[in-house]
Amino acid sequence: MAGARRMWADRIRRIRKGRGWDKPEMARRLAQAAGEARGSLPDHETLLGYVKRWERASVGISERYRMLYARAFSMDEDELFGDQSVATSTAEPATIGASAGDFSTAGRVGAKDVDEVHRAIQRLYSIDDQYGGGRLRDSVLSLLQQIQHLLRDGVYTEQIGTTMRSAAGHVSELAGWTFFDTGDQERARRFYLEALFAAQVAQDHRLTTLTLSSMSTQAYYQRHPQEAFDLVSAAAASARGWATPRVRSMLALREAVAHAAMKDRSAFSNAIARARWEHADAAEVTDPHWVEWLSDSELTVQEASCFMDLGEPEDLHRAETLLSEALERTASSYRRNRALYLAWLASVLCHRGDVRGAAQTGMRALELQTSVSSARGVAHLQTLRNRLRPHGGVAVQEFLDRYHRALAGVNG
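Remember, it's a predicted structure, so these values are computed and weren't measured experimentally.

Participant: Teacher, can you tell me more about unusual backbone geometry here?
Facilitator: Excluding glycine, most residues fall at negative phi; most peptide bonds, likewise, are trans. One non-glycine residue, Gln-203, adopts positive backbone phi at about 55°. Structurally, Gln-203 can be placed in the loop between helix 10 (185-202) and helix 11 (205-221). Residue classification places Gln-203 among the exposed residues on the basis of a relative accessible area of 66%. Of note in the backbone geometry, Arg-223 takes a positive phi value of approximately 65° without being a glycine. Structurally, Arg-223 is set in the loop between helix 11 and helix 12 (225-239).

So this is what it looks like as structure tokens:
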């Protein structure tokens, strides 16, 4: 129950922020959605207090207010509050993409189209968080084509055009991320460069920061830590003057990752301390939606990966502790993330000589990996398989057998 509450609380907050509404505006929208029954609602300050508690997931939400949220967001109530953690069908992202297609086919492009694009982007981010990039790549590309069609053939004001170009850039960045997550690094880089171009045309510094930060992650993953550091430094320069504490935390974390990969322990310690310091501040209304992934659990996991890169015995012990803590706090609905965390934990256990524990943890990761689409998760499990192969024991053999049945045809 708590996990489901946390899930829809995150969902209503993300959608609200995607519409550009602060919490007082959300309270006003709920009152407006009540229509003639508005007089039966509590006053604005009380309703605002409800909104804050709902988004913190500190209390449940009654059927009455679920209905008002659905009206305010113009969404189906089941879609908004349903438990998406059980929706594992690969057809789900196609449904998301289809729901994004109700745009003007010709003629004037207006605020309705802009709002529909933003809603579609929010839904795609939600699917990526839970299932990985492979599940939504086709939907992302379809949405990008639709936006490009509106920009190419539609009629719109200068403001609408700028907003839509920025949206196209955000979808290009998300496309880059989906290709990165599924292992196609060349196409990922191409879409990232498209996003940077769109950001320049739209003069969207936030999109520039996001894209450079994502490119930094890609460079790190491709084992180019100096390039990763240079890219995140450029992202930080783009963020000067507008970055919220959560954005500064994300950028400091990217910097810490690059320093750890270069074995610069002092610079890593400085950067991770800044990431923790900035993250301690409460999330703000002005936070961009794309920084919401940086939960305390995710920050903990990224710090653990840094200790894995540093690689000394005491570092690996610290990484094991951090990964175990993060897994306890990560909701079961975030399957892609949990699969990655478990694969990393299994790798740490193997390095520390706990072969049986590594195999058992690897089997937990395998079980989740079969329901998500992330080449990174497969790659980590493949590495674990190679490390466990020389060892004997019932647990190791069971892991190897399960790996062969589940993933041998996917990646080696």
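Participant: Is there a simple way to think about the nonpolar core in this case?
Facilitator: Soluble globular proteins tend to bury their nonpolar side chains together. Met-164, Leu-381, Leu-388 and Phe-399 are the most contacted members of the largest nonpolar core, which totals 97 residues. Sorting elements by how many residues they give to this core places helix 17 (residues 335-351) first, with 11 residues. Not counting chain neighbours up to four residues away, the residues in contact with Leu-381 comprise Ala-343, Gly-362, Ala-365, Leu-366, Gln-369, Phe-399, Tyr-403 and Leu-407. Membership of the second largest hydrophobic core comes to 26 residues, among which are Val-51, Tyr-65, Phe-73 and Phe-81.

Participant: What is the right way to look at helix 4 (residues 63-73) in this model?
Facilitator: Those residues of helix 4 lying buried are Tyr-65, Leu-68, Tyr-69, Ala-70, Ala-72 and Phe-73. Following helix 4 by one or two positions, Ser-74 has its phi on the positive side, about 55°.

Participant: Just to check I follow, could you spell out the pattern of salt bridges for this structure?
Facilitator: Two side chains with opposite charge may pair up if their charged atoms get near one another. Overall, the coordinates contain 18 salt bridges when judged by the stated rule. A salt bridge links Arg-276 to Asp-296; the shortest N-O distance between them is 3.2 Å. Here the residue Arg-276 occupies a position in helix 14 (residues 265-279), and Asp-296 occupies one in helix 15 (residues 296-310), the gap between them amounting to 20 residues. By relative accessible area, Arg-276 is classed as partly exposed at 30%. Residue Asp-296 is classed as partly exposed on the basis of its relative accessible area, which comes to 36%. With a closest N to O distance of 2.9 Å, Arg-276 and Glu-303 form a salt bridge. On the criterion of sequence distance, the pair formed by Arg-276 in helix 14 and Glu-303 in helix 15 is long-range, its members being 27 residues apart. A relative accessible area of 9% means that Glu-303 is categorised as buried.

Thresholds, definitions, all that
- Residues numbered from 1 in each chain as written.
- Predicted model: local features only at pLDDT ≥ 70, side-chain atom pairs only at ≥ 80, totals over all residues.
- Heavy atoms only, no water.
- Helix = DSSP H or I, 4+ residues; strand = E, 2+ residues; numbered from the N terminus.
- Buried < 20%, exposed > 50% of the residue type's maximum accessible area, 1.4 Å probe, protein only.
- Core = buried A, V, L, I, M, F, W, Y, C linked by side-chain atoms within 4.5 Å.
- Contact = heavy atoms within 4.5 Å.
- Salt bridge = Lys/Arg side-chain N within 4 Å of Asp/Glu carboxyl O.

Any functional reading would require information that these geometric values do not contain.
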